[in-house]
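Each chain, letter by letter, is given below.
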Amino acid sequence: MAELTYREAVAAGIAQEMARDPNVVFLGEDVAAAGGVFKATVGLLEQFGPRRVRDTPISEQAILGAAMGAAMTGLRPIAEIMFSDFLAVCWDIVANEIAKTRYMTAGQVTLPLVIRTANGGGSRFGAQHSQSVENWAMAVPGLKVVAPSNPADVKGLLAAAIRDDDPVVFFEHKSLYAVKGEVPDGEHIERLGTAKVLRDGRDVTVLALAAMVPKALAAAERLAAEHRIEATVIDVRSLVPLDTETILREVVKTGRVATVEENPRLCGWGAEIASIVAEECFWDLDAPIVRITTPHVPLPSADNLEDATVPTVERIVATLRQAID
Amino acid sequence: MPASAKRKGPSEPHAPEEAAKSRNGHAGHEVDPGLLLKFYRDMLLIRRFEERAGQLYGMGLIGGFCHLYIGQEAVVVGLQHALKDGDRVVTTYRDHGHMLACGMDPKGVMAELTGRRTGYSKGKGGSMHMFSREKNFYGGHGIVGASVPIGTGLGFAAKYTGSDAIAVTYFGDGAVNQGQVHESMNMAALWHLPVLYVIENNKYGMGTSVERASASKELFRVGCYAGVPGEQTDGMDVVAVHEAGRKAVDYIRSGQGPRILEMQTYRYRGHSMSDPAKYRSRDEVTRMRTERDPIDHAGRLLLAAGTVTEDKLKEIDREVRAAVAEAAEFAQNSPEPDPAELYTDVLVPA
Ligand SMILES: Cc1ncc(C[n+]2csc(CCOP(=O)(O)OP(=O)(O)O)c2C)c(N)n1
Ligand SMILES: [Mg+2]
């Protein structure tokens, strides 16, 4: 095991796959010479050269369109969209082209490509650089959607996304880039579409994603220590495919479920899970489903306002206490 | 590109000759010393404001992004003085200088940078997103290229309502490669919209130089296909900027449609406060600062004309510093936003 930061795990995942498959190419804005604005791709240019690791102009439509064209003919491009907010600039290519190609070609053309992007708030970057848009991607049929919470998953899930034959939108969380964690040595690959149970508890099942995972875990520890409430915490990891088997199993065990979501409330990913839980195991529930989300507002820039948007450990603790008491 | 190929561009009549002329430093342009003094003061205000913003960022009083305009002051100041009341302005996230040049209050700008309730957006916008309807300043946009279609719409509305206002739309050298820039140019040309497109070519888009991002280095020709005439101007020479701006504005206001000005300029600081700017040499930056500084240049012109003394320039600096200090103090003493503001202004109240 080596200790890597979340950002180092990004580079490690890409490097592992580029070394193994010459069809993997990587393109994006300031990803090569500068090593990425979040320094998540440092060293790749040096290791794999400018033919495979390419700086592009600030042209998101061309970046994703070119990735798609290249993927249609067998390359495995990894395209970076610097901030997930900028997906809106090239959403046509994502939603109308990439997501629909396999279907519209009746399976003749698959698109083995990965769109990596830095998602999420907490950095005072304001309304156009802080959004959590994982629910946008989740809403479009034909995409896989992944959002890791720790370095080992970054490497393993990114590698899996690159090897996967379908298009994967891979949401990295910008407030996690500096977080350190153990990453298995040697080749490391995880299975897409699997959630992970991180903590076992009898009272409530908490579902979290990306930066909300460490917060949900911290909240669970506090609930246990201070209020004798024992929570199961699940890292959802993949929104599409969704590991409903694990989720429903764990919900049934506790009879209570809460989601912790960074996306704005309306149509956030937890709404879909709530609907599945209600349909599949309504009679196993002991209490209404709880959703802890960012309110349905654009993200403000000022410290106190932004701190009041994204769910915090305090808010998770307080909400769950109230729901359970 | 051979000269003959260049000649085919619709931008040709205004391009190389004028660019060459203005690069020689306003040769031939007479400027009223009173106006030049205003340029000087306005540029210095932006410089000192930005230096202070940089300090406050270092002290942790400004969070998130902070993109300084230091080095580029001549562009917005020269152009703003070529406009008249009612003209509209829209720009990117590198917006502090534009707001000051539009006459917005340094206090309100600094307060927004520091996330206070007295800021232009009550702390909700931040450094990249400020607006003033009163001053016809329409932001402050964080998506590269977005100012271009928005400015096109500002021009459309002016024309539609029969106003003679024009819209000045600023964007960077990096933004030129966004699809929406090209869509906008065509629409503006097709509808003869009163839009001045200003490319602030500061040589870099984040860590990528123009050479590494653009197949053609002639950014002023970006509207060629649509027939939007463009020219290159020395953006470190406020007199040349003003002169080019005046001509372009006259042309646009007379109803002949949009124009492009590519301002050759330079940013002294990193892309934002977190950028150590390792992609360029110290030498390059030092050379620009010592040889091409727009404020020094204007100061030299003033002194050479004999209309002001060194003492007068120092006095202006003191006044400007005082205004900036007042803005910083105001910002620091302002309360943080009212938490209830989080939920207001999402939609118009029913
Ligand atoms: C659509 C989009 N892509 C990428 C970015 C990230 N980004 C912010 S500024 C910038 C560089 C822009 O360079 P330029 O247009 O030259 O303007 P400058 O910063 O030099 O003023 C980039 C890539 C963004 N904000 N929006
Ligand atoms: Mg630039």
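Residues numbered from 1 in each chain as written. Chains lettered and ligands numbered in written order. Predicted model: local features only at pLDDT ≥ 70, side-chain atom pairs only at ≥ 80, totals over all residues. Heavy atoms only, no water.

So, on to the overall build of chain B. Along chain B, the regular secondary structure elements total 13 helices and eight strands. Taking 20 Å as the expected radius of gyration for a compact globule of 350 residues, we find that chain B reaches 20 Å, a close match to that expectation. The principal-axis extents of the C-alpha atoms in chain B amount to approximately 60 × 55 × 40 Å. The proportion of buried residues among the 350 residues of chain B is 60%. Across chain B, every contact between residues at least 6 apart in sequence was considered, and the portion connecting residues at least 24 apart equals 76%. As displayed, chain B offers around 14,500 Å² of accessible surface, 53% of which is attributable to carbon and sulfur atoms. For chain B, the distance from the average position of its 42 positive side-chain charges to the average position of its 44 negative side-chain charges is 3 Å. (Helix = DSSP H or I, 4+ residues; strand = E, 2+ residues; numbered from the N terminus. Rg over C-alpha atoms; globule rule 2.2 N^0.38 Å. Buried < 20%, exposed > 50% of the residue type's maximum accessible area, 1.4 Å probe, protein only. Contact = heavy atoms within 4.5 Å. Areas by Shrake-Rupley, 256 points an atom, 1.4 Å probe, with all protein chains shown as cover. Lys, Arg positive; Asp, Glu negative; His and termini not counted. Charge placed at Lys NZ, Arg CZ, Asp CG, Glu CD.)

Size it by volume and the largest pocket reaches roughly 620 Å³. Lining the largest pocket are 23 residues, with Val37 and Lys39 of chain A together with Ser274, Asp275 and Pro276 of chain B positioned closest to its centre. When its residues are assigned to classes, the lining of the largest pocket shows eleven nonpolar, six polar and six charged. Of the volumes computed, that of the second largest pocket is approximately 500 Å³. Contributing to the lining of the second largest pocket are 20 residues, with Ala127 of chain A together with Ser121, Lys124, Gly125 and Phe131 of chain B lying nearest its centre. Considering only residue class, the lining of the second largest pocket consists of nine nonpolar, seven polar and four charged. (1 Å grid on protein atoms, 1.4 Å probe; cavity = no way out; pocket = protein on both sides within 12 Å on 5 of 7 lines; lining within 4 Å. Points joined across faces, edges and corners; volume = space filled by probe spheres on them. Nonpolar A, V, L, I, M, F, W, Y, C, P; charged D, E, K, R; others polar.)

Around ligand 1 lies a shell of 22 residues, among which Glu60 of chain A together with Tyr93, Arg94, Gly142 and Asn202 of chain B are the nearest. Those residues lying near ligand 1 are distributed over chains A and B. Glu60 of chain A is positioned with one of its side-chain polar atoms (N or O) 2.5 Å from a nitrogen atom of ligand 1. Within the side chain of His271 of chain B, a nitrogen or oxygen atom sits 3.4 Å from an oxygen atom of ligand 1. Relative to its unbound accessible surface of 580 Å², ligand 1 loses 97% to contact with the protein. (Near = heavy atom within 4 Å. Polar contact = N/O pair within 3.5 Å; in protein donor to acceptor, adjacent residues only side chain to side chain.)

Another aspect to go through is helix 10 (residues 269–281) of chain A. All names here are of chain A. Over its 13 residues, helix 10 runs 18 Å from end to end, which matches the ideal 18 Å to within 8%, given 1.5 Å per residue. Those residues of helix 10 that fall on the buried side of the exposure criterion are Trp269, Gly270, Ile273, Ala274, Ile276, Val277 and Cys281. One face of helix 10 carries all of its buried residues, which in axial projection span an arc of 165°. (Expected span 1.5 Å × (residues − 1). Arc of directions from axis to C-beta.)

Now for the domain arrangement of chain A. Residues and elements named next belong to chain A. Per the domain assignment, the segments of chain A are domain 1 (2–183) and domain 2 (196–324). Each of domain 1 and domain 2 has a C-alpha centre, and the two are 26 Å apart. Opposite the 25 residues of domain 1 that make contact, domain 2 presents 27 residues. Of the roughly 2,000 Å² buried at the junction of domain 1 and domain 2 (both faces included), carbon and sulfur atoms supply 54%. By the criterion of area lost to domain 2, the three top residues of domain 1 are Arg124, Asn135 and Met138, representing 31% of everything that side buries. Counting the contacts that link domain 1 with domain 2 gives five salt bridges. (Domains from an automatic or database assignment. Buried area = accessible area lost by both parts, 1.4 Å probe. Salt bridge = Lys/Arg side-chain N within 4 Å of Asp/Glu carboxyl O.)

Residues and elements named next belong to chain B. Only Asp173 (OD), Asn202 (OD1) and Tyr204 (O) from the protein coordinate the magnesium ion (ligand 2), and they sit 2.1 to 2.2 Å from it. Motif for the magnesium ion (ligand 2), donor spacing along one chain: D-x28-N-x1-Y. Of the two residues, Asp173 is situated in the loop between strand 3 (167–172) and helix 8 (179–190) and Asn202 in the loop between strand 4 (195–201) and strand 5 (204–205); the sequence distance between them amounts to 29 residues. Note on accessibility: Asp173 and Asn202 belong to one class, buried. (Donors = N, O, S within 2.8 Å, 3.2 Å for Na, K, Ca; no water.)

Turning to the packing of aromatic side chains, a few remarks are in order. This structure, assessed with the given rule, holds twelve aromatic pairs over all chains. A centroid spacing of 5.2 Å and a plane angle of 45° characterise the contact between Tyr204 of chain B and Tyr279 of chain B, whose relative ring orientation is tilted. Linking Tyr204 of chain B in strand 5 with Tyr279 of chain B in the loop between strand 8 (259–264) and helix 11 (282–291), this pair joins segments that are 75 residues apart in sequence. Joined through ring pairs, the aromatic side chains of Tyr6, Phe38, Phe83, Phe86, Phe125 and Tyr177 of chain A together with Phe65 of chain B make up one cluster. (Phe/Tyr/Trp six-rings, centres within 6.5 Å; stacked < 30°, edge-to-face > 60°.)

This brings us to the pattern of salt bridges. Residue and element names in this part refer to chain A. If you walk through the whole model with that rule in mind, you get 43 salt bridges over all chains. For the salt bridge of Lys144 with Asp166, the shortest nitrogen-to-oxygen distance reads 3.4 Å. Pair noted here: Lys144 is in strand 6 (residues 144–146) and Asp166 is in the loop between helix 7 (151–163) and strand 7 (168–173), with a separation of 22 residues, a long-range link. Assessed through its relative accessible area of 17%, Lys144 is described here as buried. Of the residues examined, Asp166 reaches a relative accessible area of 26% and is grouped as partly exposed. Here the salt bridges do not stand alone but share partners, grouping Glu17, Arg20, Arg163 and Glu187 into one network.

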